[in-house]
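Residue strings, one per chain:
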Amino acid sequence: MKKRALIMNDLDNVVTVLEDVKKGETICFKVAGSNRTVKAIQSIARGHKIAIKTIERGEKVIKYGVPVGYAMTHIGVGEHVHVHNTASLRTEGVK
Amino acid sequence: MNIRAYVRADGRIGIRNKVIVLPSVACVNNVAFAIAQRVKGVVNIRHEVGCAQVGDDFRQTYKTLVGIGSNPNVAGVLVLGLGCERVIPQELAHDISKSNKPVECLILQEEGGTTDTISKGIDILSEITQKIQQERQEVTISSLKIAVECGGSDYTSALAANPAIGYAVDKLCDMKAKIVISELIELIGTENFLEKRCQNPEIALKLRKAIERVAEESQKYTRDELEANLIPNNISPGNVRGGITTIEEKSLGAVSKGGYQCPIMGFLSYAEKVPDVEGLYVMDTPSYDIESLTGMVAGGCTLALFSTGLGTPVGNPIVPVIKITGNDKTAARMRTDIDVDVSDVLTKSRSLEEASEKIIKEIIEIASGKPSKSEILNYSDIGINRIGPRL
């Protein structure tokens, strides 16, 4: 069964999953009215984010159409995007 | 789009016809309550300030009291004084009367005590009430000044209710309405997003400095927690468990209720008068909902949009507060408090665009006279923000 996710802005490179998702499950969401899917490569809890585009190390994580952080490592499509691989732009260059 | 509202003598537009008893000091709160109970349609403004205050703190309190009395939703005012307080009741009444409405002043120590004051107050208010009767007229939605607020937030606030309000706010600004957002601590991390929308560099600079001030204050008081978590500012372990990764993400979830495109036309101090030029304004308030709403109402907002995930019942004595939730369970459980349910954005993939239309429809109905849930339940919360010691 497909799980649902929400994109906040068409420019975003992450979506928020609306149900708990297990590794290998397909997640569907809508971009500009048309249906899109992404396959989870790991389990992701409801309310957490999954990458729908590749995000290179140092690249911005985009949600609501604006940067909400930067990738500390390479993030692949379907990967969980959270504190283990993303940091606040306010801390950029601190470490 | 049009609403049916009250056109005041000074040209400003109110959407309620409130007559209020406004104490100049907390000492007469009970007398104000007793008077208001006896006259239909009258509400007392209960607050905890008015004396033993100095400097900026006193000035902010005074400005807030004048602002509440001058709000276009208020048709008539009885200023009720004790007689020895720091806020001079006659001055307060005089400054409110500049908004061109019936304003009277009554001082307990001069009237001979509680019972005589109550009796005289009832007489004055029944006369004011007879004077202010008037019909609603058709005016454009541009005459609205709307406060946007969120409280009791959960993940649905950031994903559904706040963005839906944001879409509505962009449309309302296009229709020339004035919108006010507040709570500076929730803006930390959104400086770049907001700056691009500032009408000029002066506003952008003011905003950046104010957010930086609040960020520093919050760090000063929460250093231990911050060092333990290594997460900057106002983001809790619960937030992280819930899926929020950075302060930018958390703040954007809140700030999205201020729209995405509409220009920011000014940065306002607490209770500062909201200008008549359309667009978004940012007001300097704390993140305590009741004090924040009070500041925006004192600035002249006549209606409030309030997003809540967990559900909060907050209301205001002179302004209808429209509760909007993105949480289907809260919408069902707290149906006597919630005005608009946009949870189908999450449960049925309804678009934020459609949800915003639902909000605008409710704004038009409530602005034109339909009571909000907080009004039906007689909520009358007032909290005046203190910025100095009580001496």
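What counts and what doesn't
- Residues numbered from 1 in each chain as written.
- Chains lettered and ligands numbered in written order.
- Predicted model: local features only at pLDDT ≥ 70, side-chain atom pairs only at ≥ 80, totals over all residues.
- Buried ≥ 20, exposed ≤ 12 C-beta atoms within 10 Å, placed from the backbone.
- Helix = DSSP H or I, 4+ residues; strand = E, 2+ residues; numbered from the N terminus.
- Right-handed = clockwise from strand over helix to strand, strands pointing away.
- Pairing = 2+ DSSP bridges.
- Contact = placed C-beta atoms within 7 Å.
- Nonpolar A, V, L, I, M, F, W, Y, C, P; charged D, E, K, R; others polar.
- Domains from an automatic or database assignment.
- Axes fitted to C-alpha atoms, helices over the stretch in contact; angles between N-to-C directions.
- Core = buried A, V, L, I, M, F, W, Y, C linked by C-beta atoms within 7 Å.
- Expected span 1.5 Å × (residues − 1).
- Arc of directions from axis to C-beta.

Colleague: Break down the pairing of strand β9 (residues 178-181) of chain B for me, citing the residues and quoting the values.
Modeller: Residues and elements named next belong to chain B. In β9, alternate side chains face the same way, and those of K178 and V180 on one face and I179 and I181 on the other are all buried. In the classification by handedness, the crossover that spans strand β8 (residues 145-150), the intervening helix α6 (residues 155-174) and the parallel β9 is right-handed. Relative to strand β11 (residues 279-283), β9 runs parallel, the two being bridged by 4 bridges. Looking at β11, one finds that K178 is bridged to G279.

Colleague: Give a detailed account of the interface of chain B and chain A, specifying residues and quantitative values.
Modeller: Interfaces are often described in size by the accessible area the parts lose on coming together. Taken together, the contact pairs 19 residues of chain B with 26 residues of chain A. Of all the elements in the fold, those that place two or more residues in the side of chain B that touches chain A are α6, α10 (237-242) and α11 (247-255) of chain B. At 4 residues, the largest contribution of residues to the side of chain B that touches chain A is made by α11 of chain B. Of the residues assigned to the side of chain B that touches chain A, the class counts are 10 nonpolar, 7 polar and 2 charged.

Colleague: Any chance you could break down the domain arrangement of chain B for me, citing the residues and the numbers?
Modeller: Residues and elements named next belong to chain B. Domain annotation for chain B reports domain 1 (18-133) and domain 2 (142-376). One C-alpha centre belongs to domain 1, the other to domain 2, and the line joining them spans 30 Å. If you look at the interface, domain 1 gives 13 residues, while domain 2 gives 12 residues. Looking at the side of domain 1 that touches domain 2, the elements that each hand over two or more residues are β3 (18-23) and α2 (55-70). Among the elements that line the side of domain 1 that touches domain 2, the one with the most residues is α2, at 5 residues.

Colleague: With reference to specific residues and values, describe the sheet that holds strand β9 (residues 86-87) of chain A.
Modeller: The strand order β6-β7-β9 (chain A) describes an open sheet built from 3 strands, whose pairing is antiparallel. Across the chains shown, the open sheet's two edge strands, defined by having one partner strand only, are β6 (60-63) and β9 of chain A. Of the pairings in the sheet, the one linking strand β7 (residues 66-71) of chain A to β9 of chain A comprises 2 bridges and is antiparallel in character. What sits directly across from A71 of chain A, in β9 of chain A, is T86 of chain A. In the packing of α11 of chain B onto the sheet, contacts are made with β6 and β7 of chain A, and the angle to β7 of chain A comes to roughly 165°.

Colleague: Describe the sheet that holds β3 of chain B, naming the residues involved and giving the relevant values.
Modeller: All names here are of chain B. Taken in spatial order, the 4 strands line up as β4-β3-β5-β6 in an open sheet, and their pairing is parallel. The open sheet has two free edges, formed respectively by β4 (42-44) and β6 (103-107), since each of these has just one partner strand. Direction aside, neighbouring strands of the sheet carry axes that sit 20° apart on average. Pairing of strand β5 (residues 74-81) with β6, which is carried by 5 bridges, proceeds in the parallel orientation. Directly across from V79, in β6, lies its bridge partner C105. Lying over the sheet, helix α3 (residues 89-97) contacts β5 and β6, oriented at roughly 175° with respect to β6.

Colleague: Just give me the short version of the nonpolar core, but keep the residues and values in it.
Modeller: By size, the foremost hydrophobic cluster in this structure holds 143 residues, and its most contacted members are I50 of chain A together with I146, A164 and A304 of chain B. In terms of residue count, α6 of chain B provides more of this core than any other element does, 12 residues in total. Domain assignment of the residues forming this core places at least three in each of domain 1 (18-133) and domain 2 (142-376) of chain B. Here I50 of chain A is in contact with A5, V14, V15, V17, I27, V38, A40, I44, G78, E79, H80 and V81 of chain A, once residues within four sequence places are set aside.

Colleague: Can you explain the environment of E104 of chain B? Please cite residues and give values.
Modeller: All names here are of chain B. Tracing the backbone through its elements, the reader meets E104 in strand β6. Distance from E104 to A93, taken between C-alpha atoms, is 6.7 Å for residues 11 residues apart in sequence. Residues in contact with E104, not counting those within four places in the same chain, are L78, I124 and I128.

Colleague: Tell me about the pairing of β6 of chain A, and please be specific about residues and values.
Modeller: All names here are of chain A. Along β6, the buried face is formed by V61 and K63; none of K60 and I62, which line the opposite face, is buried. Pairing geometry for β6 and β7, over 4 bridges, is antiparallel. Its bridge partner lying in β7, I62 is registered against P67.

Colleague: Requested: an account of helix α5 (residues 114-132) of chain B, with residues and values cited.
Modeller: All names here are of chain B. In this model α5 runs 27 Å from its N-terminal to its C-terminal C-alpha over 19 residues, within 8% of the 27 Å that 1.5 Å per residue would give. For α5, every residue scored as buried is listed here: T117, I118, G121, L125 and I128. Projection of α5 onto a plane perpendicular to its axis shows the buried side chains occupying an angular sector of 95°, all on one side. Turned more than 90 degrees off the buried face of α5, the exposed positions are T115, D116 and Q130.

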